[in-house]
Amino acid sequence: MTTTVKARILSVLLLLTALGIWELVTPSVSNAENMTEYELLMGGAADVARVPPPSAIFVKAFEELSNPIYDNGPNDKGIGIQIGYSLYRVLTGYFLAALIALPLGFLIGMSPLAYKALDPFIQVLRPISPLAWMPLALFIIQDSEASAIFVIFICSIWPMLINTAFGVAGVREDWVNVARTHELSSMRTAFTVILPAAAPTILTGMRISIGIAWLVIVAAEMLVGGTGIGYYVWNEWNNLDLTSVIFSILVIGVVGMLLDAMFAQVQSAVQYQE
Amino acid sequence: MNKKPLLSIQNLTTRYPSPDGGEPLTVFENANFDIEEGEFVCIIGHSGCGKSTIMNVLAGLATATSGAVIMDEKEVRGPSLDRGVVFQNYSLLPWMSALSNVIFGVRARFPKWNRKRIRDHAYKHLDMVGLGKGTEKRKPSQLSGGMRQRVSIARAFAIQPKLLLLDEPFGALDALTRGTIQDELIRVWSKTGQTVFMITHDVDEAILLADRILLMSNGPYATIAESVVIDIPRPRKRADIIHHEAYYPIRNHLVEFLTTRSETVAAEDKRSGELNRHPKTVRPGIIPKQAVTEQDNPTLQFTRDIPTYSLDNGAPI
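Now for a description of the structure that goes with this document. (Residues numbered from 1 in each chain as written. Chains lettered and ligands numbered in written order. Predicted model: local features only at pLDDT ≥ 70, side-chain atom pairs only at ≥ 80, totals over all residues.)

1. Overview of the overall build of chain B
Okay, step 1: When its secondary structure is counted, chain B shows 9 helices and 11 strands.
Okay, step 2: Residues counted as buried form 42% of the 317 residues belonging to chain B.
Okay, step 3: Sequence separation of at least 24 residues holds for 71% of the intrachain contacts in chain B that already meet a minimum separation of 6. (Helix = DSSP H or I, 4+ residues; strand = E, 2+ residues; numbered from the N terminus. Buried ≥ 20, exposed ≤ 12 C-beta atoms within 10 Å, placed from the backbone. Contact = placed C-beta atoms within 7 Å.)

Quick look at the structure:
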């Protein structure tokens with residue numbers, strides 16, 4: 001048995017154990033027929049709030065996933081639609097950021113002057129929590145949708161910018177010399193030598209960025225509201241529907257994992273061995 | 001010489017500024033030498049004498065502090081496809097296959113050629129160094145060190161430069177591989193008549209390959225001390241040349257220079273700062289008394305300037 005197979009089996013065992021314990025420690029909700037009048041009045045609530053058991057979440061997940069795309073007004077949209085909104089915002093903000101970060105990072109990596117001139121700004125702007133920009137964005141842009149996209153833009157720009165600059169600056173001089181001895185123009189050198197040489201580092205930056213963007217969108221949508229998976233979590237919390245909250249947490253995790261896996265694929269395509 | 005040399009190095013000097021603002025470090029000073037068209041010239045010297053710096057200046061990747069490099073009656077400024085370079089390592093782009101690396105060079109050299117012609121030209125040169133039949137699709141990391149250098153050599157020959165610069169191309173290879181690739185290089189070189197300038201540390205390699213070996217004294221203030229003509233007829237074979245009568249006189253001369261004289265020559269020779277001083281030509285391969293008796297010996301066609309060189313103790317070589 002290979003290590004991979006063993007690891008898979010162990011993962012499943014861990015999952016089953018954890019779910020089993022969770023299920024067992026969650027007291028079952030008593031049947032409404034056996035309730036006292038007071039209990040019925042209180043909606044069957046016990047003194048302490050209970051986290052729903054995994055079985056309830058499975059049922060909920062099945063329900064939601066079997067009909068992911070429906071729209072019954074602002075407070076009741078299918079999980080697929082909510083995820084779609086979130087992905088739309090993330091990808092728009094992300095690609096706008098890439099549009100600026102990649103060329104600018106290239107410039108900073110190529111020119112020590114540009115690096116020195118822009119470094120102080122990057123160092124100050126980078127540690128700012130993207131959500132801190134939200135009030136300013138809302139005030140200036142005056143549109144909650146665009147503000148959410150802006151927050152994604154601002155949070156995904158830094159890792160891409162820094163990694164691109166780092167990757168470009170770190171291209172082995174021997175390779176640049178190969179380009180020089182072959183009389184390549186600067187444009188051709190940039191695209192045929194420097195870009196492929198720096199691509200693995202650039203892709204690392206892009207992968208970090210998409211991860212951060214997906215983290216931030218949930219918080220941003222909790223603030224802006226209306227649509228999206230972040231809004232969905234918060235809305236279900238307001239509805240006191242913890243089953244939906246836990247279900248959407250899982251969905252956020254799975255989507256994030258898929259996004260990361262996509263970039264891992266691209267990354268391995270541009271990876272090379274020296 | 002009636003003909004202008006292909007390449008002429010004139011009073012080349014490189015100094016590096018010292019980090020604390022003191023005396024600059026003079027790597028080499030007033031180096032002068034010529035390379036004729038079709039010639040294979042090796043340069044030997046200890047580490048730190050500035051061989052690689054000279055190479056980088058010839059390639060146009062570095063500029064000398066003073067002096068000039070003239071090629072085809074034009075001063076060399078910046079890199080050019082007229083001077084192909086093979087570095088010791090890393091001259092292949094690791095994200096491209098062997099074939100694409102050669103195509104990269106061909107496309108840069110002949111931008112007007114169509115796809116097929118570029119490809120055929122690349123294949124021809126890969127075949128020339130014994131690669132092809134599947135190996136050309138591999139990335140450099142999937143090739144052995146020897147194969148990688150073969151690809152570099154194929155690319156360099158494929159761009160058909162006027163001057164091919166080899167910077168210790170076999171330095172990182174084991175002795176056996178080095179031997180085969182030297183044979184490969186000789187074969188390709190004799191077919192193309194390419195002018196080659198090569199740095200090496202290996203005396204035997206230099207004798208095998210070169211028409212002429214330039215000896216550099218130790219740095220700082222290094223200079224080109226001698227130009228040793230290798231009077232061994234071609235085609236040369238590794239197995240045969242060691243039996244040639246000129247082999248050991250030449251070899252001893254080179255080793256003796258490297259072990260003792262390379263150090264003292266710069267210190268003794270106060271003329272190293274002199275302008276336009278060409279290295280003296282030495283022919284340890286021609287043994288004087290034979291030169292008189294065996295007129296028909298093909299190795300002795302250069303009798304017009306029989307060396308007057310002798311060892312420090314006065315013994316003839």
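2. What to know about the sheet that holds strand S3 (residues 40–44) of chain B
All names here are of chain B.
Okay, step 1: Read across the open sheet, the 7 strands follow the order S6-S7-S8-S3-S9-S10-S11; overall the sheet is mixed. In this open sheet, the two strands that pair with only one neighbour each are strand S6 (83–86) and strand S11 (280–282). Within the sheet, the average angular offset between the axes of one strand and its neighbour, ignoring direction, is 20 degrees.
Okay, step 2: Judged from the 4 bridges that link them, S3 and strand S8 (residues 195–199) form a sheet pairing that is parallel. Counterpart to Phe 40 in the pairing with S8 is Val 196. (Pairing = 2+ DSSP bridges. Axes fitted to C-alpha atoms, helices over the stretch in contact; angles between N-to-C directions.)

3. What to know about the sheet that holds strand S5 (residues 74–75) of chain B
Residues and elements named next belong to chain B.
Okay, step 1: Pairing is antiparallel across the open sheet formed by 4 strands, whose spatial order is S2-S1-S4-S5. Among the strands making up the open sheet, the edge pair consists of strand S2 (25–35) and S5.
Okay, step 2: Strand direction decides the pairing type here: strand S1 (residues 7–16) and strand S4 (residues 66–71), joined by 5 bridges, are antiparallel. Of the residues in S4, the one forming a bridge with Leu 7 is Met 71.
Okay, step 3: Contacts from helix H1 (residues 51–59) reach S1, S2 and S4, with the element oriented near 120 degrees to S1.

4. Thoughts on the pairing of strand S7 (residues 163–167) of chain B
Residues and elements named next belong to chain B.
Okay, step 1: With 5 of its 5 residues buried, S7 lies for the most part within the structure.
Okay, step 2: Residues Leu 163, Leu 165 and Asp 167 point to one face of S7 and Leu 164 and Leu 166 to the other, with burial holding for every one of them.
Okay, step 3: In terms of strand pairing, S6 meets S7 through 4 bridges, oriented parallel. Paired with Val 85 across the strands is Leu 165, a residue of S7.
Okay, step 4: Bridge analysis of S7 against S8 gives 5 bridges, and the strand direction is parallel. What sits directly across from Asp 167, in S8, is Ile 199.
Okay, step 5: Crossover connection from S7 via helix H5 (residues 175–192) to parallel S8: handedness right-handed. (Right-handed = clockwise from strand over helix to strand, strands pointing away.)

5. A look at the pairing of S8 of chain B
Okay, step 1: With 5 of 5 residues buried, S8 of chain B lies mostly within the body of the structure.
Okay, step 2: Burial along S8 of chain B is two-sided: the residues Thr 195, Phe 197 and Ile 199 of chain B and Val 196 and Met 198 of chain B are all buried.

6. Here we look at the interface of chain B and chain A
Okay, step 1: Counting from both sides, the interface comprises 16 residues of chain B and, opposite them, 15 residues of chain A.
Okay, step 2: Of the residues assigned to the side of chain B that touches chain A, the class counts are 11 nonpolar, 4 polar and 1 charged. (Nonpolar A, V, L, I, M, F, W, Y, C, P; charged D, E, K, R; others polar.)

7. Observations concerning the nonpolar core
Okay, step 1: The biggest cluster of nonpolar side chains holds 136 residues, and the ones touching the most others in it are Val 151 and Ile 152 of chain A together with Val 102 and Ile 213 of chain B.
Okay, step 2: Here the element with the most residues in this core is helix H9 (residues 186–224) of chain A; it accounts for 16 residues.
Okay, step 3: The residues contacting Val 102 of chain B, other than those within four sequence positions of it, are Ala 122, His 125, Leu 126, Val 151, Ala 154, Arg 155 and Ala 158 of chain B. (Core = buried A, V, L, I, M, F, W, Y, C linked by C-beta atoms within 7 Å.)

8. Quick look at the environment of Asn 56 of chain B
Okay, step 1: Residue position: Asn 56 of chain B is located in helix H1.
Okay, step 2: Spatially, the C-alpha atoms of Asn 56 of chain B and Leu 215 of chain B are 18 Å apart, while their sequence positions differ by 159 residues.

9. Brief notes about unusual backbone geometry
Okay, step 1: Of the consecutive residues Arg 234 of chain B and Pro 235 of chain B, the connecting peptide bond is found in the cis state with omega at -5 degrees.
Okay, step 2: Here Leu 240 of chain A, not a glycine, exhibits a phi torsion of approximately 60 degrees, which is positive.
Okay, step 3: Mapped onto the fold, Leu 240 of chain A is located in the loop between helix H10 (229–238) and helix H11 (242–270).
Okay, step 4: Although it is not a glycine, Asp 72 of chain B adopts a positive phi angle of roughly 50 degrees.
Okay, step 5: For Asp 72 of chain B, the position within the fold is in the loop between S4 and S5.

That's the geometry; what it means functionally is another story.
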